[in-house]
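Working through the structure, step by step
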Amino acid sequence: MIIVFGFVLLVLAGALVLLFAMFGELASRVGTHTESLRNDRVEPLEDATLGAVPGNWPAELAEVADAEHALLIVVSSSCRNCADVMSQLSADAATRADVFVLVSCPTARAGREFVAAYETSGLRYHIDEYGSWVGTEFNVHVSPVGLVLRDGRLDSALMFTSVAALRAEAGQLVGHSS
Amino acid sequence: MTTTGWVEAVINSLAAALLLNAGLHKVVVPGRLREALGELLGRRSNFVSHSLVRTLAGLEIVSALALTVAPVRMYGAVAAGVLGLVFAAAGLAGRLRRSTLSCGCLGGSGGRALGMFNIVVGLALAGVAVLNTGVASSQVDDGYAGAVTLWAAFFALMFCGWANRRLIHDVFRAPVQVGSEMGK
């Protein structure tokens, strides 16, 4: 009798494990409450040093330096909107392949853990400890920010919450300046 | 049951619960492990499909169930040991290659990549195989299956709760204030 009871309990426990696995997967696909913070507003970041050309580029961002046009998204491991930005990138493989991401964080480990929490296959990213590189080269100290670069030169810096809105705005800027 | 039999039952139920969690999670979410292995193996990862991950998950579940049935527990233990060595090898490779992608291993919904955790758990499972085949060759009575299934169910719930603690925390957390701040 106790064997039957044990197996029934084991099956129930297994069903609960399955339920949690599905719940976790669902949560990762539909995003979280942070989506409610998202809007289509895109504003220029006044403090950024437009026209700056970095003297040295991190190896992971070497392609940005050579690209005619590139969109570099600056996120931080400690900002709530950035987590939502990463969720948006997780859900869109095409955008992931198109943009570059710079993760500003206190330690490389924290940066890796932040990135690892999302689907990042195909994403080209660089972990910038303390945001020192992006701060020094472009005077960017807030996030999330989209940096529009032309031949490695900073054309514009845009504050945003929606990646789609940022890409649309960046596309317009590139179109106007071409 | 003898004291050795009880110890064997507890350890086998722990191993069964661990494998059950890992297997059932992989059945639902095979993509995470596939991507983590893809990062690890690079171009050689073409053979790692969702079906392969689900087959591995099936082996884990069968091993877990075998551990709970006295006559076949030895086979279950050997399978658990082999799987443990595979986990440990994957963890070692992940650590050496500094894997960053979350593997969703052992039912975890967090961001843990292949690494030291997998090595430790893998070697522990290998230890279960050694215990069953070497040390605990004692005969177990009818109480074994009942005890192991009950404890395995309990441990499976505990592991599941621990692996999904972030998710549970999020569910029970009070709604956050909606704002539109931009900044670090």
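A brief report on the enclosed structure follows.

1. Topic: the interface of chain A and chain B
Taken together, the contact between chain A and chain B spans 42 residues of the former and 38 residues of the latter. For the pair chain A and chain B, the summed buried surface comes to about 3500 Å²; carbon and sulfur atoms form 72% of the total. Considering only the side of chain A, the residues that lose the most area to chain B are Leu10, Val17 and Phe20 of chain A, jointly responsible for 16% of the buried surface there. For the pair chain A and chain B, the interface holds zero salt bridges. Summed over the shared surface of chain A and chain B, the number is zero residue pairs in polar contact (both at pLDDT 80 or more). Listed by contribution, the elements that provide at least two residues to the side of chain A that touches chain B are helix H1 (2-30), helix H3 (80-90) and helix H5 (108-116) of chain A. Tallying contributions element by element places H1 of chain A first for the side of chain A that touches chain B, with 19 residues.

2. Comments concerning unusual backbone geometry
All names here are of chain A. In this structure, proline 144 follows serine 143 across a cis peptide bond, with omega equal to 0°. Checked against the element boundaries, proline 144 lands in the loop between helix H6 (132-138) and strand S5 (145-150). Its identity as a non-glycine residue notwithstanding, tyrosine 130 has a phi of 60°, on the positive side. Considering the arrangement of structural elements, one finds tyrosine 130 in the loop between strand S4 (124-129) and H6. With relative accessibility at 63%, the residue tyrosine 130 sits in the exposed group. A positive phi angle, near 50°, is found at aspartate 151, a position not held by glycine.

3. Describing the state of the cysteines
This structure, assessed with the given rule, holds one disulfide over all chains. The side chain of cysteine 103 of chain B participates in a disulfide bridge whose partner is cysteine 105 of chain B; the two sulfur atoms lie 2.1 Å from each other.

Cut-offs and rules
What you see as residue numbers is a count from 1 along each chain, following the sequence as written. Chains carry letters and ligands carry numbers; both start at the beginning, A for chains and 1 for ligands, and go up in the order they are written. Given that this is a predicted model, residues contribute local features only at a pLDDT of at least 70 and side-chain atom pairs are listed and counted only at 80 or more, while totals for whole chains, interfaces and linings are drawn from all residues. Note: side-chain values were computed over all heavy atoms of the structure, leaving out hydrogens and water. Pairs of residues are marked as contacts when any of their non-hydrogen atoms sit within 4.5 Å. What counts as buried area is the accessible surface, traced by a 1.4 Å probe, that two parts surrender upon association, with contributions from both included. Salt bridges are counted wherever a side-chain nitrogen of Lys or Arg sits within 4 Å of a carboxyl oxygen of Asp or Glu. Pairs of N or O atoms are called polar contacts if they sit within 3.5 Å, as long as, within protein, a hydrogen donor faces a hydrogen acceptor (for residues adjacent in sequence, only side-chain-to-side-chain pairs). Numbering of helices and strands starts at the N terminus; helices are DSSP runs of H or I of at least 4 residues and strands are runs of E of at least 2. The cut-offs for exposure are 20% and 50% of the maximum accessible area for each residue type, with area from a 1.4 Å probe on protein chains only; residues under the lower value are buried, those over the upper are exposed, and the others partly exposed. We call a pair of cysteine sulfur atoms a disulfide whenever their separation is within 2.5 Å.

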